[in-house]
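Residues per chain are reported as follows:
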Amino acid sequence: MSARFETYLWLAQRITAAILAVAVIVHIVTIVMAMEGGLSAREIIGRVQGNMAWLVFYLTFVVSVAIHAPIGLRTILREITSLSLPAINALVILLALFLGIAGFRAIFGLYGFAG
Amino acid sequence: MADVKYSSWPFGAARSHPVYWAFIVHRLSGVLLALFLPVHFWTLSLAIQGEAALDSFLVWSEAPWVKAGEIGLVILLAAHMMGGVRLLAVEFLPWRDWQKTLVALVFGISLAVGLAMLMNML
Amino acid sequence: MSGSNTGTLEVSVWRGGENGRYETYTVPARDSQTILDIVTYIQRHIDPTLSYRFACRVGMCGSCAMTVNGKPRWTCRSHARVVAENGKLKIAPLRNFKVVKDLAVDMEAFFEKWRRAEGSFQGTQTRHDEFAVVQPNSKQRKHADAGIECINCGVCYAACDVVAWNKDYLGPAALNRAWTLVNDERDNKDMTRLAAVAGDAGCHACHSHQSCVEHCPKFLNPTASIAGLKRAAAAAALKGEI
């Protein structure tokens, strides 16, 4: 792939890394606090349902992860397997799509929870 | 390439330095997290099926081995994040010679995070 | 510490080409003995068919680099007493290079990557122009000065795992040189060079293992140079220059 494309991929991974650094801190603090007294669906839904701030936060989180993880795996696959680059690109794009779609389903499911 | 190879990764005299160990942790934690995340997103999307579906999953996750796994995951996440922050510092900030100290800080904070979670679980 | 009571060292040495094997020799242990002394002893007194490289033998030329007990190092600057483990030594040619014979490797690929990284200076002035005025304390000059002492010994290239995992990876030495030239205000190949080092197998393949930094006998820092190239490439890409 061209020098410019590889440079953009590197930049995308570093930018999402910076976003994720913040998101992960928020996430871990939230989880550690939520673990007190045990996890329950009611509590999770109670936090996210109808809450725009959490919606935006988790959407940003999921999009960043869906970009960051596949780029990282792409590098590893190129280094330790002998798969062709097009095959590797296809695999990581599939992962990106799965993470994005499943992530969005989860977020909108929790956000718009009706019952 | 030469028939002369170093020992099997991640071992080897040439790899025995702290910054390399930080790389090993960063790469392994990244791979494990990448394998875990699809599962994580999938189970959370159970919420769409209703509170009962999500609750029955959460009840299952009360099992001790699942709890241990959760602590492991949080440690992996903290380690990967701290290692990544160290890398961002190497790539974007002026060079600092105290790389080993940075590595030590990274591991220390990751473990502290894992401990905090453990405390809250018990 | 050699720790040997019998005053000898057990030395395994790689013999042959790509598909060679280790042969073991017993060598008298002497004070202040370097690994190069030991290899020379074997060739002079035990087996004259042993092939190896050296030149200055005083830590200036970089010719004597080999793998000693798993680490790439200059053998003339490696004391047996420090490096040996329980009186044993294992000496092999540098990793990541094609083996010519025994301890001598083919450096051609290393230099080819140097060229591919545009590691050569290209100026614009002629003898009829004024001297270029280069401030020694400018940030750019400091970056260049930090990396120009490289003598192409190949130790960093041997230490680098990415070179082992990605056969096209330009490697720490070539990229370090490219960075010194990017910072040389008299050179005008900047964009061609950045495009050359930012490809599939360029600066972005570096994972900052810092094995190069750990092993460089001149205490250079290719990791920092490569980080500089990453930043420069990103800026150039965003500006549409590469």
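Residues numbered from 1 in each chain as written. Chains lettered and ligands numbered in written order. Predicted model: local features only at pLDDT ≥ 70, side-chain atom pairs only at ≥ 80, totals over all residues. Heavy atoms only, no water.

### Focus: the packing of aromatic side chains
For any pair of aromatic rings, the description rests on two quantities: the centre-to-centre distance and the angle between the ring planes. All names here are of chain C. Put simply, the test is: We call Phe, Tyr and Trp rings a pair once their centres come within 6.5 Å, taking the six-membered ring for Trp, and we label the pair stacked below 30 degrees between planes, edge-to-face above 60, and tilted otherwise. Note on classification: 1.4 Å probe, protein chains only; a residue is buried when its accessible area is under 20% of the maximum for its type, exposed when over 50%, partly exposed between these limits. Elements are defined by DSSP. Helices are runs of H or I of four residues or more, strands are runs of E of two residues or more, and each kind is numbered from the N terminus.
Going through the model one piece at a time under the given rule, you end up with 19 aromatic pairs over all chains. A ring pair is formed by Trp14 and Tyr22, whose centres lie 5.1 Å apart and whose planes are at 80°; its orientation type is edge-to-face. Judged by relative accessible area, which is 5%, Trp14 ranks as buried. Here Phe97 and Phe110 contribute two aromatic rings whose centre-to-centre distance is 5.9 Å and whose plane-to-plane angle is 40°, an arrangement assigned as tilted. Of the two residues, Phe97 is situated in the loop between strand S5 (88-92) and strand S6 (98-101) and Phe110 in helix H3 (residues 108-116); the sequence distance between them amounts to 13 residues. Each member of the pair, Phe97 together with Phe110, is buried.

### Some words on the domain arrangement of chain C
Residue and element names in this part refer to chain C. Quick reminder of the rule: These domain limits were set by an automatic method or by a database of domain assignments. For this analysis, residues touch if any pair of their heavy atoms sits within 4.5 Å. What gets called buried area is simply the loss in accessible area from a 1.4 Å probe that two parts show on being joined, summed for both. Each reported salt bridge corresponds to a side-chain nitrogen of Lys or Arg within 4 Å of a carboxyl oxygen of Asp or Glu. Pairs of N or O atoms are called polar contacts if they sit within 3.5 Å, as long as, within protein, a hydrogen donor faces a hydrogen acceptor (for residues adjacent in sequence, only side-chain-to-side-chain pairs).
On domain assignment, one finds that chain C holds domain 1 (5-105) and domain 2 (107-238). Taking only C-alpha atoms into account, the centre of domain 1 sits 30 Å from that of domain 2. Every contact between the two is made by 14 residues of domain 1 and, on the other side, 16 residues of domain 2. Surface buried jointly by domain 1 and domain 2 totals about 1,200 Å² across both partners, of which 64% is contributed by carbon and sulfur atoms. The three residues of domain 1 that bury the most area against domain 2 are Trp74, Arg95 and Phe97, which together make up 44% of that side's buried surface. The closest approach of N and O atoms between Arg95 and Asp161, which form a salt bridge, is 2.9 Å. Linking domain 1 to domain 2 there are seven residue pairs in polar contact (both at pLDDT 80 or more).

### A few points about the interface of chain A and chain B
The line we're drawing: Each residue receives one of three labels: charged for Asp, Glu, Lys and Arg, nonpolar for Ala, Val, Leu, Ile, Met, Phe, Trp, Tyr, Cys and Pro, and polar for the others, Gly being one of them.
Counting from both sides, the interface comprises 38 residues of chain A and, opposite them, 34 residues of chain B. For the pair chain A and chain B, the summed buried area comes to about 3,000 Å², and 75% of that belongs to carbon and sulfur atoms. Inspection of the chain A/chain B interface yields two salt bridges. Glu79 of chain A is the salt-bridge partner of Arg27 of chain B, the closest N and O atoms lying 2.8 Å from each other. One can count two residue pairs in polar contact (both at pLDDT 80 or more) joining chain A with chain B. For the side of chain A that touches chain B, the elements supplying multiple residues, two or more each, are helix H1 (3-35), helix H2 (41-48), helix H3 (52-80) and helix H4 (85-111) of chain A. Of the residues forming the side of chain A that touches chain B, the biggest block, 13 residues, is contributed by H1 of chain A. In terms of residue class, the side of chain A that touches chain B is made up of 26 nonpolar, seven polar and five charged.

### Observations regarding unusual backbone geometry
Between Trp9 of chain B and the following residue, Pro10 of chain B, the backbone shows a cis peptide bond with an omega angle of 5°. Structurally, Pro10 of chain B is set in the segment before helix H1 (18-44). In this model, Asn96 of chain C sits at a positive phi of 75°, which is unusual for a non-glycine residue. With respect to the secondary-structure elements, Asn96 of chain C resides in the loop between S5 and S6. Under the relative-accessibility criterion, Asn96 of chain C is labelled buried at 5%.

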